[in-house]
Amino acid sequence: MSKGMLGKKIGMTQVYDEAGNLTPVTVIEAGSCVIVQVKSEESDGYSAVQVGFDEVDKKKLTRPEQGHFEKAGVTPRRYLAEFRCDNGDWQEAKVGDELAPTLFSPGDRVKVRGVSRGKGFAGVIKRHGYHRGPMSHGSRYHRGPGSLGGSAFPARVMPGTKLPGRMGGQQVTVENLEVIRVDTDNKLLLVKGSIPGPRGGIIRIEHQS
């Protein structure tokens, strides 16, 4: 994996370039991110960097979590994530280093991962894009999933059949997004297009490998 950090989705807006072209962007808060632990092949069996995001009162953490941050000597963070460094990245990383939006530059391609907006229980039309049944001429079957299997064979519902159920609330990764602007003063990152999750959702951003 490449270098990356955690951030918070602020929302969407639009910006203009020098030629006057309008670009829809997502604004990401990319500050308050610090390196909590550096793992190595000798001590942990693999190379990785653990980063923390969003400062939190230590009273809201468990004692093992408090001890983890005290050992690192950094302010407690609400969220932790690991970034593998098998390709030589993070060679100069040290515990306590602050990560800034300058980790990225305009024009960079990034991969963004987050949890999609939960939509609750949904039927097959909304969840899977099924067509509805006839709405007139005595039809009593409008928004159902249709036939689920013959009575003779297979005489059961096959695994993987698209049925009603919980929609959203799943991890989604969007690749090859372009960084449009880096605001170091406000610790913001502007990425072209939309990213998964609601406003305020925690996301993972990393360089596209």
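The preceding data block contains the structure.
Fair warning: this is a prediction, and the values are worked out from it, not measured in the lab. (Residues numbered from 1 in each chain as written. Predicted model: local features only at pLDDT ≥ 70, side-chain atom pairs only at ≥ 80, totals over all residues. Heavy atoms only, no water.)

A. Highlighting the overall build of the protein. Assigned secondary structure in the protein consists of 3 helices and 12 strands. Relative to the globule expectation of 17 Å for 209 residues, the C-alpha radius of gyration of the protein, 23 Å, shows a markedly less compact shape. C-alpha extents for the protein along the principal axes are approximately 70 × 50 × 35 Å. A burial count over the protein gives 35% of its 209 residues as buried. Of the contacts made within the protein by residues no fewer than 6 positions apart, 69% connect residues no fewer than 24 positions apart. Only carbon and sulfur atoms are counted for the fraction: they give 47% of the accessible area of the protein, which is about 12800 Å². The average position of the 31 basic charges and that of the 23 acidic charges among the side chains of the protein differ by 15 Å. (Helix = DSSP H or I, 4+ residues; strand = E, 2+ residues; numbered from the N terminus. Rg over C-alpha atoms; globule rule 2.2 N^0.38 Å. Buried < 20%, exposed > 50% of the residue type's maximum accessible area, 1.4 Å probe, protein only. Contact = heavy atoms within 4.5 Å. Areas by Shrake-Rupley, 256 points an atom, 1.4 Å probe, with all protein chains shown as cover. Lys, Arg positive; Asp, Glu negative; His and termini not counted. Charge placed at Lys NZ, Arg CZ, Asp CG, Glu CD.)

B. Structural detail: the sheet that holds strand E4 (residues 48–55). Overall, antiparallel pairing links the 4 strands, which are arranged E5-E4-E3-E6 in an open sheet. The open sheet has two free edges, formed respectively by strand E5 (77–84) and strand E6 (98–99), since each of these has just one partner strand. For strand E3 (residues 33–39) and E4, the ladder comprises 6 bridges, and the chain directions are antiparallel. Paired with Ile 35 across the strands is Val 51, a residue of E4. Contacting E3, E4 and E5, helix H2 (residues 63–72) crosses the sheet at an angle of about 90° to E3. (Pairing = 2+ DSSP bridges. Axes fitted to C-alpha atoms, helices over the stretch in contact; angles between N-to-C directions.)

C. Up close: unusual backbone geometry. Along the chain, Phe 153 connects to Pro 154 via a cis peptide bond; the corresponding omega equals 5°. Of note, Pro 154 is situated in the loop between helix H3 (124–128) and strand E9 (165–167). The phi torsion at Asp 54 lies on the positive side, around 75°, for a residue other than glycine. Along the chain, Asp 54 falls in strand E4.

D. Just a positive patch on the surface, in detail. Residues Arg 117, Lys 119, Lys 126 and Arg 199 make up a contiguous surface patch of positive charge. Tracing the backbone shows Lys 119 in the loop between strand E7 (109–115) and strand E8 (120–122). (Patch = residues over 30% accessible without salt bridge, like charges linked within 9 Å, V, L, I, M, F, W, Y side chains within 5 Å. Salt bridge = Lys/Arg side-chain N within 4 Å of Asp/Glu carboxyl O.)

E. Focus on the pairing of E3. Of all 7 residues in E3, 5 are buried, a share of seventy percent or more. Pairing between E3 and E6: 2 bridges, direction antiparallel. By the bridge assignment for E6, Cys 33 is matched with Leu 99.

F. The arrangement of the packing of aromatic side chains in detail. One pass over the structure, following the stated rule, counts 0 aromatic pairs. Directly above the ring of Phe 83 sits Arg 204, whose terminal nitrogen or CZ lies 4.1 Å from the centroid. (Phe/Tyr/Trp six-rings, centres within 6.5 Å; stacked < 30°, edge-to-face > 60°. Lys NZ or Arg CZ within 6 Å of the ring centre and 35° of its normal.)

G. Quick peek at the layout of surface pockets. Computed from the structure, the largest pocket encloses a volume of approximately 150 Å³. Around the largest pocket sit Leu 6, Tyr 79, Leu 80, Ala 81, Arg 113, Gly 114, Val 115, Gln 171, Ile 202, Ile 203 and Arg 204, which together line it. Residue assignment for the lining of the largest pocket shows that the elements contributing at least two residues are E5, E7 and strand E12 (202–207). The residue inventory of the lining of the largest pocket, partitioned by class, reads 7 nonpolar, 2 polar and 2 charged. (1 Å grid on protein atoms, 1.4 Å probe; cavity = no way out; pocket = protein on both sides within 12 Å on 5 of 7 lines; lining within 4 Å. Points joined across faces, edges and corners; volume = space filled by probe spheres on them. Nonpolar A, V, L, I, M, F, W, Y, C, P; charged D, E, K, R; others polar.)

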